[in-house]
Amino acid sequence: MKFISGKVIGFGKWQDVTFDFTGRSLICFYGENESGKSTLRNFFLFMLFGLPPKQREFYRPKTGGNMGGRLTIWEEETGLYTVERLDHVQNGAAVCYLENGMTMSEDWFKERLRGMTRKQYEAIFSFSATELNELDKVDERDLGEILLSVSISGSQRIYFLEKELEKKMSDLFKPYGKKPVINQQLEKLVQLHHSLKKMQSEEAAYREKVNASEQTEKQILKLKGDIEQKKQKLYELEKVKQLLPVLEDYRNAALRLKADEWQISFPEHGLERLQHIRSQLLPLCSELTVLKENAKNINKKIETLAAKRLEENIYQKAQSLGQRIPLFQQQQEKYAQLNEKAKEIKVQLDTELERLNLPLTQEQLLSVTMPFHLEQQWNQLKQEQSQVQLEEKRLQEEEISWKQERQALSAKMDALAEEMQSDEEYLSSKRKLEEEKEKHYMQKLQSEWQRQQAMWKKKTKKKEKLARNFLFLSIVISVSAAIFGFFQEETAFYLFSIFFFLTGFIPWLLQKQAAKEMANVFQQPLNAQGRTDLKEDKSLAEEVRKQESLRQEYQKLKDMLLENELRHRRIKEQRKVVLMKKEAIAEQLRKQYVAYPFLKEVDVTYWPELYHAVKRLIAKGQELQYVEEQISFIQSSLLAFEKELQQFFQSEEKASSLLERLNTLLTAEERYEKEITHYRELLAEIEQKLQQLQKKLEVYENEKDQLLLSAGAETEDDFYEKAKKLEEKQGMVREMRQCKRQLNTVFPEEIWQLWLKRNVNEASIEYEFNLLSEEIDRLEKELEQLQEKNAFYQAEIQKMESSETYSTLLHQFTLEKEELEHLAKQWSVYKTAIETLNETKRQYQEKYLVKVIEKQSEIFRSLTGGKYIKVYPPMEGMPFQVEDEQGTRFVLPELSQGTIHQLYIALRLAISIMFQKTYPFPFIIDDAFLHFDSIRLHRMITQIQKLSETQQVLLFTCKEEIVASFSDNDKIILESQFA
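Residues numbered from 1 in each chain as written. Predicted model: local features only at pLDDT ≥ 70, side-chain atom pairs only at ≥ 80, totals over all residues. Heavy atoms only, no water.

- The name recorded for the chain in an unreviewed UniProt entry is YhaN AAA domain-containing protein, from Compostibacillus humi.

Here you go:
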């Protein structure tokens, strides 16, 4: 993924600003503090991941306007697309515009980010000076853990999370502690447990009485249930006693219906259905009689009309002639129109020939042929003749101009020749000027040599003084060491004495030799000639420059004169070409005069217009010829039709009267045909209605027979007799239903059906009622005794419970135990989290850490200029270590703060490179090298440039030394361009 361009519509201090990153893999944004670098970095992160409403409000422009922007991105898979985020559009959601015109949503863009969140992006593909400052505040012993945390997640969050979990665990519990919460809670529970044990002995008697009371209450509940059931049964017997007459009526009606005489088969609604069939049959029979009479009358009318019609062959001939009448009338109209048009065309031809004054008749005009290319030939002749005339005029003007130019050039050359020196004088002045320049240069060189010699002498004195002082100091230290060694009898002090003496003597000796060599160099003299006269040199230089200018001008005029002569030769050649063109045009004109003699009277200039006029005349002549041919054809067709009419009517009358007779005859015949067709249609409708009536009658007759058959009756009288008996049966059924409704209002159906089957009477019900009453009295007395017994137990328990000491202690113990369980559960959660975190770190070390550390070692070696060559991750209790070029290993507290910063940056870059294949996102660095010296800064820039070969890098800085290391194409100066 690469950023191609960015458009800031409104974001903090930035408004309506565009950045172009086309073809850039490394972009350095330079600006002083408060120039908006961090705001711009947050803008790019906002375009990728968005912001919640409160944070968007923070970046809203203070001067008003919309908050948001656009970012154009290129990806290898998707190609080029633009991401737009605006605060007032879809609550700041991304809208993506693809090259093919499609518009995609925020979900599609999240897929392009491969699920990456802003926190993950900042942890892997971004770091700033803030992280390095936080690194300086950490205890040296914890640096290794922080670097391990960074290698796992890309940030320090895992280290701080682990420390926070350990602190929370120690605040909750320590094996030998007293202040942690769980330790205090355990002590409190032990004390409560001792107090409860003392009171358990008093609880035994209390528990026995409670159990006895519970058993008594269970017996009371059981007795109450039995009494309630008995009372329900007694209530039911009372209701049955009241409904005994209704049960008897129902039983008697049911027995009567079971007899054979009441087993009647009769169709449902039989009487109504028979009456309906009879009412439908009566009108159908009347309608059938009327239709038959109408059909007889229509047949008589059809026979009368058929007798009046013409014979078939005569009618067909008349019909054929009638169909041709419209064509005959059209031809008559067209014949008159064509005669008028022929007269009009003749008048137009005569008028046009007279206007053009051409020696042509109408017959000659039709014989003239003008091919399609003739117009182009005449136009070309016209243009060629015009061009020849224009070229003749132009050549005359050019010849006059040539003569004037030649005279002017000759005059200028003569004037310049008078001012110019001879060649010997010019060369002499030029040599003299060069000699004066060389003298002047040697004088400047001599003065610079003297200045350098004075500066060297001053520096040499300082260095000699410094070397003498250093020699004196080394002699003092050497003598002191020798004396100390003599008294202590230690050989090492003699060696130190010699070392310090050589340390001072060798630089002093080298300084002396260097001073002698430089003295020899400065003692060599520079040979410089005497001083020159500056005024004389200046006038000589001006004279030489003037002569050079005159000679250049003279040569230029000479070249122009040669060019003028060449121009004269070109004019002569062009004259010959024009003459040849005139002869060719004259030959073409002669050919046209032979083909078209009438052109002799017309100038060539008007030939193209004449071509169109003659073409129109020819078209008019052809049109007249075509109209006359149509007139002849139509006239013969009209005469032939008139002859056919006279033969049909066997009369010599005119065509107009014969046409009227034919129209009258055809109109009458059509009227007869329509009337016959109408009567036949009516007859067909009547036949169809007759068939439909017959079908309806059959349906009703069949329905009547089926109704009698279903009732088992042969005649309609038998049918009515069975209907009367069925009505009596339905009365008995209604009586049973009435009884059933009365019974259902008191009992469910299954209950009173059971009583119906038992065949009870009033005496048996009375006997059962008395037995139930006695049983209920006995149970109620037993219930009263149990209630008195339970009241005694409750009084004893109430007395023992009046002392609340035990219950209070028990309740407090339960609450404190629940609190302990809650704290233990919380401690186990923290413990599980730390163990999971440690297991994750272990798995990461086994799977990924080796690759990351190898890449970190490579980058760290480059950043330290090869001083440190390898990085070792923490293994088996060993902390982070680095190895120098001599094989010596150092733990992190032994390194300088700048080297630790380099190690941290190398790790961040290594993680980014490892993730690049899966997440090819740009890398963002914000003012991360503020405290780097020039050497480390140069190495860091080299490493960033190397990283930008495979990954786009956005670097924000306020250091001029950094921005000076990049080309103009790779940097954007915020102050001068956008601030």
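Next, the rest of the story.
Quick word on a nonpolar patch on the surface
Item 1. Judged by side-chain polarity, I475, V479, I483, F486, F487, Y494, L495, I498, F501, L502, I506 and L510 come together as a nonpolar surface patch covering roughly 1,200 Å² of accessible area.
Item 2. Sorting the residues of the nonpolar patch by element identifies helix 16 (423-488) and helix 17 (491-523) as the ones contributing at least two each.
Item 3. When residues in the nonpolar patch are grouped by element, the largest group, seven residues, is from helix 17.
Item 4. The residue I483 is located in helix 16 in this model.
Item 5. Judged by relative accessible area, which is 44%, I483 ranks as partly exposed. (Patch = residues over 30% accessible without salt bridge, like charges linked within 9 Å, V, L, I, M, F, W, Y side chains within 5 Å. Areas by Shrake-Rupley, 256 points an atom, 1.4 Å probe, with all protein chains shown as cover. Salt bridge = Lys/Arg side-chain N within 4 Å of Asp/Glu carboxyl O. Helix = DSSP H or I, 4+ residues; strand = E, 2+ residues; numbered from the N terminus. Buried < 20%, exposed > 50% of the residue type's maximum accessible area, 1.4 Å probe, protein only.)

Topic: the UniProt feature "transmembrane region" (unreviewed entry) in the chain
Item 1. The positions UniProt marks with the feature "transmembrane region" (unreviewed entry) are residues 466-487 and 493-510.
Item 2. Taken end to end, residues 493-510 is 100% helix and 0% strand, and its two terminal C-alpha atoms sit 26 Å from one another. (UniProt positions renumbered as here; feature names shortened; annotations may be inferred.)

A look at the sheet that holds strand 1 (residues 2-11)
Item 1. Strand order in this open sheet of six strands is 2-1-4-5-6-7, and the pairing throughout is antiparallel. The sheet terminates laterally at strand 2 (14-20) and strand 7 (103-104), the two strands that pair on one side only.
Item 2. Here strand 5 (residues 79-86) runs beside strand 6 (residues 95-98); their pairing, made up of four bridges, is antiparallel. Across the sheet, residue T82 finds its bridge partner in strand 6, namely Y97.
Item 3. Across the sheet, helix 1 (residues 37-49) is in contact with strand 1, strand 2, strand 4 (68-75) and strand 5; its angle to strand 4 comes to roughly 70 degrees. (Pairing = 2+ DSSP bridges. Contact = heavy atoms within 4.5 Å. Axes fitted to C-alpha atoms, helices over the stretch in contact; angles between N-to-C directions.)

Let's talk about helix 26 (residues 934-947)
Item 1. The terminal C-alpha atoms of helix 26, which comprises 14 residues, lie 20 Å apart, in line with the 20 Å expected from a rise of 1.5 Å per residue.
Item 2. Residues of helix 26 that are buried: L937, M940, I941, Q943, I944 and L947. Seen end-on, helix 26 carries its buried residues on one side only, within an arc spanning 160 degrees. Every exposed residue of helix 26 that faces more than 90 degrees away from the buried side is listed here: I935 and H938.
Item 3. Measuring from the side-chain oxygen of the N-cap residue of helix 26 to the backbone nitrogen of I935 gives 3.3 Å; that N-cap residue is D933. (Expected span 1.5 Å × (residues − 1). Arc of directions from axis to C-beta. Polar contact = N/O pair within 3.5 Å; in protein donor to acceptor, adjacent residues only side chain to side chain.)

Overview of empty space enclosed by the protein
Item 1. Within this structure, the stated rule accounts for two cavities of 30 Å³ or more.
Item 2. Estimates place the volume of the second largest cavity at around 30 Å³.
Item 3. Around the second largest cavity sit V240, L243, L247, L743, F747, W752 and W755, which together line it.
Item 4. Its residues assigned to classes, the lining of the second largest cavity comprises seven nonpolar, no polar and no charged. (1 Å grid on protein atoms, 1.4 Å probe; cavity = no way out; pocket = protein on both sides within 12 Å on 5 of 7 lines; lining within 4 Å. Points joined across faces, edges and corners; volume = space filled by probe spheres on them. Nonpolar A, V, L, I, M, F, W, Y, C, P; charged D, E, K, R; others polar.)

Notes on the packing of aromatic side chains
Item 1. Taken as a whole and judged by the stated rule, the model has 21 aromatic pairs.
Item 2. Between F11 and F43, the ring centres sit 5.6 Å apart and the planes meet at 70 degrees, which makes this aromatic pair edge-to-face. Remark: F43 occurs in helix 1 and F11 occurs in strand 1; sequence separation between them is 32 residues.
Item 3. With a relative accessible area of 0%, F11 lands in the buried category.
Item 4. Judged by its relative accessible area of 1%, F43 falls in the buried class.
Item 5. Aromatic pair Y868 and F890: ring centres 6.1 Å apart, planes at 85 degrees, arrangement edge-to-face. A residue pair is termed long-range when its members are at least 10 positions apart, and Y868 in strand 9 (residues 868-872) and F890 in strand 11 (residues 889-891) qualify at 22 residues.
Item 6. Judged by relative accessible area, which is 9%, Y868 ranks as buried.
Item 7. Classification of F890 as partly exposed rests on a relative accessible area of 23%.
Item 8. Positioned over the ring face of W108 is R112, at 5.9 Å from the centre of the ring.
Item 9. The residue whose ring lies beneath R889 is Y872, and the NZ or CZ to ring-centre distance is 3.6 Å. (Phe/Tyr/Trp six-rings, centres within 6.5 Å; stacked < 30°, edge-to-face > 60°. Lys NZ or Arg CZ within 6 Å of the ring centre and 35° of its normal.)

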